[in-house]
Amino acid sequence: MNYFTTLGIVFGLAAFLKPFYMHLLPWDENSFIEKFYTEKRPPYIVAIALVGLALVALTWYFHFTLDVANSIYITVLFSLTAIKALVLLLDYQKFQKAVAAMLSKDRGRGVVLVDIGASVFGLVILIVTFILY
């Protein structure tokens with residue numbers, strides 16, 4: 001199994017199953033999100049964002065150096081995660097305020113909608129992975 005197949009399956013499943021592990025398992029996900037994205041940016045946010053950007057860079061490196069057919073599709077889809085990482089690094093306060101607003105409005109319904117969107121995105125990644133590889 002090549003890097004792009006593994007990345008597509010792992011990343012696709014993580015995104016596809018997000019509504020399940022965030023909202024259907026019996027725990028308080030809104031409290032977790034509120035504690036995770038505190039007003040002052042915690043140091044682990046920077047570390048996570050940098051690791052994510054490093055994985056995106058590694059994916060582009062593999063795309064250009066390995067001869068894997070159709071790797072551009074998984075590379076581009078995975079690269080979309082860099083948007084969130086860059087926002088977390090460059091404008092954390094605005095991101096945190098948006099998350100806090102979603103959590104306080106309609107008992108966190110906005111968070112559920114974002115997670116459903118992530119699930120649809122994960123399904124697209126899984127479909128692309130299984131069709132191409």
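Placed above this text is the structure.
Caption draft 1: Quick look at the overall build of the protein chain. A count of helices and strands for the protein chain gives eight helices and zero strands. Reading the secondary structure of the protein chain in the N-to-C direction produces α-α-α-α-α-α-α-α. Summarising its shape, the C-alpha atoms of the protein chain cover approximately 45 × 30 × 20 Å along the three principal directions. Across the 133 residues in the protein chain, those meeting the buried criterion constitute 33%. Per element, the accessible surface of the protein chain, about 8300 Å² overall, is 72% carbon and sulfur. Positive and negative side-chain charges of the protein chain, numbering 10 and 8 respectively, have mean locations separated by a distance of 5 Å.

Caption draft 2: Broad picture of the layout of surface pockets. The computed volume of the largest pocket comes to approximately 1300 Å³. Contributing to the lining of the largest pocket are 33 residues, with Phe 11, Lys 18, Tyr 37, Thr 81 and Lys 84 lying nearest its centre. Contributions of two or more residues to the lining of the largest pocket are made by helix H1 (3-16), helix H2 (18-24), helix H3 (29-36), helix H4 (43-65), helix H6 (81-90), helix H7 (92-104) and helix H8 (109-132). Residues belonging to the lining of the largest pocket are distributed by class as follows: 27 nonpolar, three polar and three charged.

Caption draft 3: View of H6. For H6, every residue scored as buried is listed here: Ala 82, Ala 85 and Leu 88. For H6, the arc enclosing every buried residue in end-on projection is 125 degrees, short of the 170-degree limit, so these residues lie on one face. Residues Ile 83 and Leu 90 are exposed on H6 and point more than 90 degrees away from its buried face. Buried residues along H6 sit in contact with H4, helix H5 (71-79) and H7.

Caption draft 4: Representation of H5 within the structure. For H5, the set of buried residues is Ser 71, Ile 74, Thr 75, Leu 77, Phe 78 and Ser 79. Check the buried side of H5 and you find it contacts H1, H4, H6 and H8.

Caption draft 5: The arrangement of unusual backbone geometry in detail. In the Ramachandran plot, Asn 70 falls in the positive-phi region, its phi being about 65 degrees despite a non-glycine side chain. Mapped onto the elements of the fold, Asn 70 is located in the loop between H4 and H5. We classify Asn 70 as partly exposed; its relative accessible area is 34%.

Cut-offs and rules
Residues numbered from 1 in each chain as written. Predicted model: local features only at pLDDT ≥ 70, side-chain atom pairs only at ≥ 80, totals over all residues. Heavy atoms only, no water. Helix = DSSP H or I, 4+ residues; strand = E, 2+ residues; numbered from the N terminus. Buried < 20%, exposed > 50% of the residue type's maximum accessible area, 1.4 Å probe, protein only. Areas by Shrake-Rupley, 256 points an atom, 1.4 Å probe, with all protein chains shown as cover. Lys, Arg positive; Asp, Glu negative; His and termini not counted. Charge placed at Lys NZ, Arg CZ, Asp CG, Glu CD. 1 Å grid on protein atoms, 1.4 Å probe; cavity = no way out; pocket = protein on both sides within 12 Å on 5 of 7 lines; lining within 4 Å. Points joined across faces, edges and corners; volume = space filled by probe spheres on them. Nonpolar A, V, L, I, M, F, W, Y, C, P; charged D, E, K, R; others polar. Arc of directions from axis to C-beta. Contact = heavy atoms within 4.5 Å.

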